[in-house]
Amino acid sequence: MQEIFKGNFTQQEPIPEDGIAAALDVMRSGRLHRYNLSPGELGEVGLLEREFAAYVGSKYALAVCSGGYALATALRALDVKPGDKVLTNAFTLAPVPGSIASVGAVPVFVGVTEDLVIDLDDLAEKAHLSNVLMLSHMRGHICDMDRLVEICSEAGVKIVEDCAHTMGSAWRGVPSGRYGAIGCYSTQTYKHMNSGEGGFLVTDDDEIMARATMLSGSYMLYERHGAVPGPEVFESVKYTTPNVSGRMDHLRAAILRPQLTKLDAQCDAWNARYQVVEDGLRDTPGLRLVDRPNEERYVGSSLQFLLLDWPDVAISDVLGRCLARGVELKWFGGAEPVGFTSRYDSWRYAPSARMPASDRILHGVIDMRLPLTFSLEDCALIARIIRSEVGAVWQEQAA
Ligand SMILES: *Cc1c(COP(=O)(O)O)cnc(C)c1O
């Protein structure tokens, strides 16, 4: 009898009960807007900002309506103008080049290595083309941040970190999002905390924070924030910074605050699942796992492996066979973007030269989500199914 997996790859856990109770309180109050506060009250959004800044160790934090909004706001706060070039990863998801395009700037794509991180040699070659790098820690893989920071500071390139997949991660003990001038996070349903939509921007820089706060739509009510610089900093930016509304509301903040207190435990739970799948796939002929460096504290909310140099038909065959047994894999190398699996050459508003070394890798990238609703036994079963189907197709190819 062939084993079949019956779980759902897009099923999240419920919102914690204390979050639901806090959300009900906000709804009963009728005061959902972040600035609708009693005198002296900080409210759910302001409290969440303080707590998130404390969690990542930043001076300031701004809660916003989405991760993509945080990225675009970061670029605006750094004064990126229409026509400017912004360096970014060739291997990332559509909201990253999208945020660059949303301010009229032009993405310049940097390649990807077999470890699924940004190619630092390629970055060193292209660093002179721009003064901003939007670094996407795509699928939670963190590059050698020490070398990256060195390349960028030598070239005078400011770093914005896209931490949509690295909330709770760190490199050499420094939280993801704290190497760059600005760190951006998402609390969209498929990320590490779930408010449906939502995000954060963090920084230690007074002026960047004042500008980001004004940009988010503060109506000059910035003194009602929990983690912002003093009013004197706002004096210098408040008449010259446009309002591009993208605030978070108390309802979302109410359901996020209890999730933040549980985040580290959730990350451990993801890693336990990741390690079971990784162990189950180890030494499968033809399948390459991604090495995780010791400096990296990763969050295994998804797992990638490479079927490097496999022909299209064989990869499609693996995907079809796994799907027939309930295991839903995504392929970044398919000819057309499917769901979220787009590539740098799918974003035709941002023309790019071909990158053959990166194309070879992207062609072989297989991706799988690991929601916390999966048990460790589920994860072992998933690994057995992938292992047997990859093995079967591998043998057919050899024959
Ligand atoms: C989800 C995601 C974002 C943006 O998050 P939204 O909250 O959906 O706007 C940015 N970068 C990556 C890599 C993502 O996966």
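Keep in mind that this is a model prediction, so the values were computed, not measured.

Overview of the nonpolar core
Across soluble globular proteins, you tend to see nonpolar side chains buried next to one another. Within the largest apolar cluster, 33 residues are counted, with the highest numbers of intra-cluster contacts made by Leu75, Val80, Val86, Met134, Val160 and Ile182. Elements represented by at least two residues in this core include exactly strand 1 (60–64), helix 3 (67–77), helix 4 (95–102), strand 4 (132–136), strand 8 (182–186), helix 7 (206–215) and helix 8 (231–235). Residues contacting Met134, with those up to four places away along its chain left out, are Leu71, Leu75, Val86, Leu87, Thr88, Asn89, Val96, Ser99, Ile100 and Val160.

Some details on the site of the ligand
Neighbouring the ligand are 15 residues, the closest being Gly67, Gly68, His165, Ser186 and Lys191. In the model, an oxygen atom of the ligand is placed 2.8 Å from a nitrogen or oxygen of the Gly67 main chain. Within the side chain of His165, one N or O atom sits 2.6 Å away from an oxygen atom of the ligand. About the coverage of the ligand: the protein hides 91% of its 380 Å² of free accessible area. If you list the elements that add at least two residues to the shell around the ligand, you get helix 3 and helix 4. Grouping the amino acids of the shell around the ligand by side-chain chemistry returns four nonpolar, nine polar and two charged.

Notes on a negative patch on the surface
Residues Asp144, Glu150, Glu154 and Glu295 make up a contiguous surface patch of negative charge. Note on placement: Asp144 falls in the loop between strand 4 and helix 6 (145–155). Asp144 gets classed as partly exposed once you look at its relative accessible area, which sits at 34%.

Quick word on the sheet that holds strand 12 (residues 302–306)
The sheet built from four strands is open, its strands ordered 10-12-14-13 with antiparallel pairing. Two strands in the sheet have a free side with no partner beyond their single neighbour: strand 10 (288–289) and strand 13 (330–331). As judged from the two bridges shared by strand 13 and strand 14 (residues 365–369), these two strands associate in the antiparallel manner. Paired with Lys330 across the bridge in strand 14 is Asp367.

Section: the packing of aromatic side chains
The full count for this structure, using the stated rule, is 12 aromatic pairs. Taking the centre distance of 5.2 Å and the plane angle of 85° together, the rings of Phe91 and Phe332 count as edge-to-face. Linking Phe91 in the loop between strand 2 (85–89) and helix 4 with Phe332 in the loop between strand 13 and helix 11 (356–364), this pair joins segments that are 241 residues apart in sequence. Since its relative accessible area comes to 2%, Phe91 is described here as buried. The exposure class assigned to Phe332 is buried, which follows from its relative accessible area of 0%. For the cation-ring pair, Arg369 lies above Tyr190, with the distance from its terminal atom to the ring centre recorded as 4.5 Å.

Re the pairing of strand 1
The side chains of a regular strand alternate, residue by residue, between the two faces of the sheet. The element strand 1 is largely enclosed, with a buried count of five among its five residues. Side chains of strand 1 alternate between two faces, with Tyr60, Leu62 and Val64 and Ala61 and Ala63 buried alike. Looking at chain direction, strand 1 and strand 9 (residues 199–203) are connected through five bridges and run antiparallel. Counterpart to Ala61 in the pairing with strand 9 is Val202.

Notes on the domain arrangement of the protein
It is common to give the size of an interface as the accessible area that goes away when the parts come together. Domain parsing of the protein yields domain 1 (17–261) and domain 2 (263–398). Listed as interface residues are 38 residues of domain 1 and, on the opposing side, 36 residues of domain 2. For the domain 1 and domain 2 pair, buried surface summed over both sides reaches about 3000 Å², with 61% attributable to carbon and sulfur atoms. Our enumeration of links across domain 1 and domain 2 arrives at four salt bridges. Among the ionic pairs, Glu114 bridges to Arg288, the shortest N-O distance being 3.0 Å. Run the count over domain 1 and domain 2 and you get 15 residue pairs in polar contact (both at pLDDT 80 or more). Elements that contribute at least two residues to the side of domain 1 that touches domain 2 include exactly helix 4, strand 3 (106–110), helix 5 (120–126), strand 6 (170–171) and helix 9 (250–281). Counted by class, the side of domain 1 that touches domain 2 contains 20 nonpolar, 11 polar and seven charged residues.

Some thoughts on the packing of helix 2 (residues 43–56) against helix 9
Axes are the key here: two packed helices are described by the angle between their axes and the distance separating the axes. Following both chains from N to C, one finds helix 2 and helix 9 inclined at 25°, their axes separated by 8 Å at the closest point. In this view, helix 2 runs roughly parallel relative to helix 9, as classed from their interaxial angle. Remark: the crossing between helix 2 and helix 9 carries left-handed chirality. For the pair helix 2 and helix 9, contact is made by Gly43, Glu44, Val45, Leu47, Leu48, Glu51, Phe52 and Tyr55 and by His250, Ala253, Ala254, Leu256, Arg257, Leu260, Leu263 and Asp264, respectively. Class assignment for the residues of the contact of helix 2 with helix 9 results in 10 nonpolar, two polar and four charged.

What counts, and at which threshold
- Residues numbered from 1 in each chain as written.
- Predicted model: local features only at pLDDT ≥ 70, side-chain atom pairs only at ≥ 80, totals over all residues.
- Heavy atoms only, no water.
- Core = buried A, V, L, I, M, F, W, Y, C linked by side-chain atoms within 4.5 Å.
- Buried < 20%, exposed > 50% of the residue type's maximum accessible area, 1.4 Å probe, protein only.
- Helix = DSSP H or I, 4+ residues; strand = E, 2+ residues; numbered from the N terminus.
- Contact = heavy atoms within 4.5 Å.
- Near = heavy atom within 4 Å.
- Polar contact = N/O pair within 3.5 Å; in protein donor to acceptor, adjacent residues only side chain to side chain.
- Areas by Shrake-Rupley, 256 points an atom, 1.4 Å probe, with all protein chains shown as cover.
- Nonpolar A, V, L, I, M, F, W, Y, C, P; charged D, E, K, R; others polar.
- Patch = residues over 30% accessible without salt bridge, like charges linked within 9 Å, V, L, I, M, F, W, Y side chains within 5 Å.
- Salt bridge = Lys/Arg side-chain N within 4 Å of Asp/Glu carboxyl O.
- Lys, Arg positive; Asp, Glu negative; His and termini not counted.
- Charge placed at Lys NZ, Arg CZ, Asp CG, Glu CD.
- Pairing = 2+ DSSP bridges.
- Phe/Tyr/Trp six-rings, centres within 6.5 Å; stacked < 30°, edge-to-face > 60°.
- Lys NZ or Arg CZ within 6 Å of the ring centre and 35° of its normal.
- Domains from an automatic or database assignment.
- Buried area = accessible area lost by both parts, 1.4 Å probe.
- Axes fitted to C-alpha atoms, helices over the stretch in contact; angles between N-to-C directions.
- Parallel < 35°, antiparallel > 145°, perpendicular 65-115°, else oblique.
- Left-handed = near helix turned anticlockwise from the far one by under 90°.

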